[in-house]
Amino acid sequence: MNIAYFKDMDTLYVEISPENPAQAWEVHEGIVLNLSEDGRVVGIEIAKASRATNLDILKIGGFPGQVEVINKSQSGSTH
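Predicted model, so just to flag it, every value in this text is computed and none were measured. Here the residue numbers are simple positions, counted from 1 along each chain's written sequence. Under the rules for a predicted model, residues below a pLDDT of 70 receive no local features and side-chain atom pairs below 80 are neither given nor counted, while totals for whole chains, interfaces and linings still include all residues. Derived side-chain values reflect all non-hydrogen atoms in the structure, with water molecules and hydrogen atoms excluded from consideration.

### Some thoughts on the sheet that holds strand E2 (residues 11–15)
The antiparallel open sheet is built from five strands, whose spatial order is E1-E2-E5-E4-E3. On the outer flanks of this sheet lie strand E1 (2–6) and strand E3 (23–28), each paired with one strand and no other. Strand-to-strand twist in this sheet, taken as the mean axis angle between neighbours without regard to direction, amounts to 20 degrees. Only strands joined by at least two bridges in the DSSP assignment are considered to pair. A run of H or I in DSSP counts as a helix once it spans at least four residues, and a run of E counts as a strand once it spans at least two, with each numbered from the N terminus. The angle between two axes is taken between their N-to-C directions and runs from 0 to 180 degrees, where each axis is a line fitted to C-alpha atoms and a helix contributes only its stretch in contact.

### Brief notes about the pairing of E2
Each residue is assigned to one of three classes by its accessible area relative to the maximum for its type, calculated with a 1.4 Å probe on protein chains only: buried under 20%, partly exposed between the two thresholds, exposed over 50%. Most of E2 sits out of view: four of its five residues are buried. Pairing geometry for E1 and E2, over five bridges, is antiparallel. By the bridge assignment for E2, Ala-4 is matched with Tyr-13. With antiparallel pairing between neighbouring strands as the criterion, E1 and E2 make up a hairpin whose turn holds four residues, including Asp-10 at a positive phi of roughly 50 degrees. Bridge count for E2 against strand E5 (residues 41–47) is five bridges, and the pairing is antiparallel.

### Topic: the pairing of E3
Among the six residues that make up E3, zero are buried, leaving the element largely open to the surroundings. In this sheet, strand E4 (residues 31–35) lies alongside E3 in antiparallel orientation, the contact comprising five bridges. The residue of E4 that forms the bridge with Ala-24 is Asn-34. The hairpin formed by E3 and E4 contains two residues between the paired strands, and Gly-30 there has a positive phi angle of roughly 85 degrees.

### Here's the deal with the confidence of the model for the protein chain
The quantity called pLDDT is the predictor's confidence in a given residue, expressed from 0 to 100. Mean pLDDT over the protein chain stands at 80; residues scoring 70 or higher make up 72%. Considering each helix and strand of the protein chain separately, the mean pLDDT is smallest for strand E7 (residues 68–71), with a value of 56, and largest for E4, with 97. Contacts from residues 75–79, a stretch scored under 50 in pLDDT, to residues over four places away or in other chains number eleven contacts. Here, two residues are considered to be in contact whenever any of their heavy atoms come within 4.5 Å of each other.

### Description of the side chain of Asn-34
Within the secondary structure layout, Asn-34 lies in strand E4. Residues contacting Asn-34, with those up to four places away along its chain left out, are Tyr-13, Pro-21, Gln-23, Ala-24, Arg-40, Val-41, Val-42 and Gly-43.

Here's what the structure looks like:
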């Protein structure tokens, strides 16, 4: 799984599976599910992400254990 923030487009992308999506479905304004040929969710795209959530700090890791904190001000994207 990869998480990337594209600052120039203000888009957050959560890649669940590294395959090319066959179709996309906008489930809510600005939130798109990318689906595989057989209907599995392979990615989630959130447009205008800085308005939808606080992106000052992205927390990635196995909860409730240790959390890796990535400060977006140090980098334009996280993976």
